[in-house]
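Single-letter residue listing:
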Amino acid sequence: MSWKRCCLVFLCGALALCLTCARADVRLGMGTGDGVRLAYRTVGTGRPLVVIHDGPGYEKSIMYKGFDDLSSDMRVVYYDQRGCGKSEPLAATTPARIVDNVNDLEALRRYFHFEKMALAAHGWGAVIALEYARNYPTHVDVIILITPLSPFNPYTKLEDLMDKVPDSARQEIAGAIANSGISMLDKRETVMRAILPALFYNQDAAKAVKWDGLKLAPDV
């Protein structure tokens, strides 16, 4: 075997080993919530950090960018809230209250056998994180809140919010609202997708999000 061929075989083997190691670092599964099954993804090892996505109705993948970088020092756990993403679909009679989401988080903690965990919560997820900490303070290490929901309504008029939305998105929203041929849920999803990017303080971060791949569950 020539030295060039030997080098090629070696490089291919090393690449395959690297890819295998990278895949092995990520775990996907269905964990136990409070009467529901919750889809989760974990990456890394170390102190547990549970990431709680925004919503209701969004899903965990929107949080991967950035938090995956912590996997060298922490075990990062993402999960889809009840009825969201790849978690078990909810029946019409299954509740999705704040208390139900708090109980889901506690059930997930027990599922992973975490004594304490850090919580990183975005938007609506901050409500779940703070209520969880109030009910289970001994199981919380630290809390990181990312653009959390405000206790008051910062937009007294719809126009105040729409000032932050570009003209193209406004036209898309107006078209969806006026379209009698689509359902209310479809209208709501169109509005959500049009408004979300405009609410980012860092527009470079907004551009990095794969919006087309974001699965919304507006019925939740």
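Our structure is the block above this text.
First things first, this report covers the structure right here in the doc. (Residues numbered from 1 in each chain as written. Predicted model: local features only at pLDDT ≥ 70, side-chain atom pairs only at ≥ 80, totals over all residues. Heavy atoms only, no water.)

Turning our attention to the packing of aromatic side chains. Summed over the entire model, instances satisfying the criterion amount to 6 aromatic pairs. Ring geometry for tyrosine 40 versus tyrosine 111: centroids 5.9 Å apart, planes at 55 degrees, classification tilted. Pair noted here: tyrosine 40 is in strand β2 (residues 37-43) and tyrosine 111 is in helix α3 (residues 98-112), with a separation of 71 residues, a long-range link. For tyrosine 40, a relative accessible area of 12% corresponds to the buried category. Classification of tyrosine 111 as partly exposed rests on a relative accessible area of 32%. Look at tyrosine 111 and phenylalanine 112: their rings are 5.2 Å apart centre to centre, the planes differ by 85 degrees, and that puts the pair in the edge-to-face class. (Phe/Tyr/Trp six-rings, centres within 6.5 Å; stacked < 30°, edge-to-face > 60°. Helix = DSSP H or I, 4+ residues; strand = E, 2+ residues; numbered from the N terminus. Buried < 20%, exposed > 50% of the residue type's maximum accessible area, 1.4 Å probe, protein only.)

Where α3 contacts helix α4 (residues 125-135), the two axes come as close as 9 Å, and the packing angle between them is 70 degrees. Between α3 and α4, the interaxial angle falls into the category roughly perpendicular. Here the hand of the crossing between α3 and α4 comes out right-handed. On α4, the residues that touch Ile98, Asn101, Val102, Leu105, Glu106 and Arg109 of α3 are Val127, Ile128, Glu131, Tyr132 and Asn135. Tallied by class, residues from the contact of α3 with α4 come to 6 nonpolar, 2 polar and 3 charged. (Axes fitted to C-alpha atoms, helices over the stretch in contact; angles between N-to-C directions. Parallel < 35°, antiparallel > 145°, perpendicular 65-115°, else oblique. Left-handed = near helix turned anticlockwise from the far one by under 90°. Contact = heavy atoms within 4.5 Å. Nonpolar A, V, L, I, M, F, W, Y, C, P; charged D, E, K, R; others polar.)

Attention now goes to the pattern of salt bridges. Throughout the structure, instances matching the rule amount to 9 salt bridges. Across the pair arginine 134 and glutamate 131 runs a salt bridge whose closest N-O atoms are separated by 2.9 Å. Placement of the pair is arginine 134 and glutamate 131 together in helix α4, with a separation of 3 residues, close to one helical turn. Between glutamate 189 and arginine 193 there is a salt bridge; the shortest N-O distance is 3.1 Å. Taken together, the residues glutamate 189 and arginine 193, both in helix α7 (residues 184-195) and 4 residues apart, mark about one turn of the helix. A single salt-bridge network, built from bridges that share partners, covers Glu106, Arg109 and Arg110. (Salt bridge = Lys/Arg side-chain N within 4 Å of Asp/Glu carboxyl O.)

Together, Leu130, Ile143 and Leu145 make up an exposed nonpolar region whose accessible area comes to about 220 Å². Among the structural elements, leucine 145 can be located in strand β6 (residues 140-146). (Patch = residues over 30% accessible without salt bridge, like charges linked within 9 Å, V, L, I, M, F, W, Y side chains within 5 Å. Areas by Shrake-Rupley, 256 points an atom, 1.4 Å probe, with all protein chains shown as cover.)

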